[in-house]
Amino acid sequence: MDLSEQKVCVIGAGIGGLTAALALRQLGARVCVLEQAEAIKEVGAGLQVSPNGLAVLRGLGLASHLEARSVKAQAVELRDYAAGRLVAHLDLGLIKAGTPYHFVHRADLIDLLAQAVRAAGIKILLLQNVETVHPGRDSERARVVMSNGSEMRADLVIGGDGLHSRLRGVLNGTVAPFFTRQVAWRAIVPNTMRHGNLVQVHMGPHRHLVSYPLRGGTMVNLVAVQEQAGWAEEGWHHTDDPQNLRRVFNDFGGDARALLGEVTEVSRWGLFRHPVAPVWHQGNCAILGDAAHPTLPFMAQGASMAMEDAWVLRDALERAGTLSEGLAAYQTRREERVKRVVDAASKNAWKYHLANPVVRSAAHMGMRLATTFAPKKLVGQFDWIYSHDVTKP
Ligand SMILES: Cc1cc2nc3c(=O)[nH]c(=O)nc-3n(C[C@H](O)[C@H](O)[C@H](O)COP(=O)(O)OP(=O)(O)OC[C@H]3O[C@@H](n4cnc5c(N)ncnc54)[C@H](O)[C@@H]3O)c2cc1C
């Protein structure tokens, strides 16, 4: 369908929202982005862009921009927590997709997308906190209502408004997420210990710590996960005392200890499982990214899935005769894949948290043998995620 001169309103200048804005602009739509924050600023920490996410950036002409601002990952190393002993080394060069895996600061990915969006003539309107959306019926425009009472009308509204999406609520009602009894801390520290261009996973009983370099290797991103019965809040803005983090991980040795010793600022979030939204579109409105399918961080696919959604949305609309056909095709083409990824992420954490020493050493032995005798098989178990290229017909 022809989107030229159609007014498209994207809610949220996050990774999915900005990618969608750019993709739909390329179809000729007049796009604007509504963002609740007062500025597009340094928020968040490290993200991973796997080959399937990079494919979307390549399709949009932005792959070299990402490469200039990210670190290319070479391997994943699994280490035992106590002394940091190496359990397994997985060479990411064995990924079937062949293209590299990148570590990037969230702020840098947002910045490069926002620059491309503005260069395409799209306005990002800040301090626009969307309260609700009324999808249009038949040929009616959708109505976007801001918390200050102002309104905007559009031919198509895309909800890229993340974890606590307003549009998801309008389309699906509210479903309480389920607390996984895990909390995560994230921090960025200076790379004083020469962390290589790889992901290290330090595995301890009921806890694990992930580290990887950012910004030309000058910094290291840390994500520390602990199983805990007590309640924790979900969200990206809850700070914590670094001493709490160090206390929980005080028996971790090797590089883990050195990295934790550098932490001066840390945020903490509760890990919740949300069902994938059953309804992604209604009338002239649709949701994507975390608004449709928030995921646990254990497959590091949040950003890449949001970018894949944006590309498929554009492609489905381009091929469809009508808006409703296009939006329906978008959900159909995405739903099964994102459910599989969300499910894989939900199943992944326990592998790092084995508490029983006998079970843990048997599992570690199994991993060591697998990396020695079947490295391709081990690395290739997630090829179905990484080799998928939504930009190819
Ligand atoms: C502040 C912040 C920090 C993050 N830090 C990390 C991190 O360190 N590591 C990590 O792996 N993931 C992080 N994430 C999540 C990660 O960006 C997403 O999981 C993933 O990129 C999917 O992107 P998305 O576009 O669906 O959602 P997001 O990237 O979460 O973007 C949603 C956007 O919508 C805006 N928004 C929300 N509600 C409204 C509203 N009512 N009106 C207008 N705008 C609205 C938000 O301000 C945000 O800009 C962070 C997200 C945010 C918002």
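Residues numbered from 1 in each chain as written. Predicted model: local features only at pLDDT ≥ 70, side-chain atom pairs only at ≥ 80, totals over all residues. Heavy atoms only, no water.

Peer 1: Please explain the site of the ligand as it appears in this structure.
Peer 2: The environment of the ligand is made up of 31 residues, and the closest members are G16, E35, A45, R106 and D290. Contact between the ligand and I15: an oxygen atom at 3.2 Å from a main-chain N or O atom of the residue. Within the backbone of A45, an N or O atom sits 2.7 Å from an oxygen atom of the ligand. Protein contacts shield 88% of the accessible area of the ligand, which totals 920 Å² for the unbound molecule. Taken together, the elements giving at least two residues each to the shell around the ligand come down to α1 (15-25), β3 (46-49) and α8 (302-319). Looking at the shell around the ligand residue by residue, the classes come out as 11 nonpolar, 14 polar and 6 charged. (Near = heavy atom within 4 Å. Polar contact = N/O pair within 3.5 Å; in protein donor to acceptor, adjacent residues only side chain to side chain. Areas by Shrake-Rupley, 256 points an atom, 1.4 Å probe, with all protein chains shown as cover. Helix = DSSP H or I, 4+ residues; strand = E, 2+ residues; numbered from the N terminus. Nonpolar A, V, L, I, M, F, W, Y, C, P; charged D, E, K, R; others polar.)

Peer 1: I'm lost on the sheet that holds strand β4 (residues 71-73) in this one. Help?
Peer 2: Either a parallel or an antiparallel arrangement is found when strands of a sheet pair, and the pairing is made through backbone hydrogen bonds. Overall, antiparallel pairing links the 3 strands, which are arranged β3-β7-β4 in an open sheet. Each having just a single partner strand, β3 and β4 make up the two edges of the open sheet. Taking each pair of neighbouring strands and ignoring which way they run, the sheet shows an average axis angle of 30 degrees. Sheet topology places β4 next to strand β7 (residues 101-105); 3 bridges connect them, and they run antiparallel. By the bridge assignment, K72 is partnered in β7 with H102. Of the strands in this sheet, β3 and β7 touch helix α2 (residues 51-59), which is tilted by about 80 degrees from β3. (Pairing = 2+ DSSP bridges. Axes fitted to C-alpha atoms, helices over the stretch in contact; angles between N-to-C directions. Contact = heavy atoms within 4.5 Å.)

Peer 1: What is the right way to read the pattern of salt bridges from this model?
Peer 2: Side-chain pairs of opposite charge can arise whenever the charged atoms involved come near each other. For the structure on display, the rule yields 19 salt bridges. The partner of E5 in a salt bridge is R30, and the shortest N-O contact between them spans 3.4 Å. Of the two residues, E5 sits in the segment before β1 (7-11) while R30 sits in strand β2 (residues 30-34), which places them 25 residues apart along the sequence. Since its relative accessible area comes to 56%, E5 is described here as exposed. Of the residues examined, R30 reaches a relative accessible area of 40% and is grouped as partly exposed. Residues joined by salt bridges that share partners form a network here, namely R69, D108, D111 and R215. (Salt bridge = Lys/Arg side-chain N within 4 Å of Asp/Glu carboxyl O. Buried < 20%, exposed > 50% of the residue type's maximum accessible area, 1.4 Å probe, protein only.)

Peer 1: How should the nonpolar core be read in this particular structure?
Peer 2: Core analysis: the biggest nonpolar cluster contains 108 residues, and L24, L109, V144, V157, I158 and L317 have the highest contact counts within it. A total of 9 residues in this core trace back to one element, the largest contributor, which is α8. By size, the runner-up hydrophobic cluster in this structure holds 20 residues, among which are V183, A187, V220 and L222. (Core = buried A, V, L, I, M, F, W, Y, C linked by side-chain atoms within 4.5 Å.)

Peer 1: Whenever I open this one, the side chain of H195 confuses me. Can you help?
Peer 2: Tracing the sequence through the fold places H195 in the loop between β13 (178-190) and β14 (198-204). Judged by its relative accessible area of 5%, H195 falls in the buried class. Of note is the side chain of H195, whose polar atom sits 2.8 Å from the side chain of S211. Excluding residues within four positions of it along the chain, H195 makes contact with Q200, S211, Y212, P213, V220 and L259.

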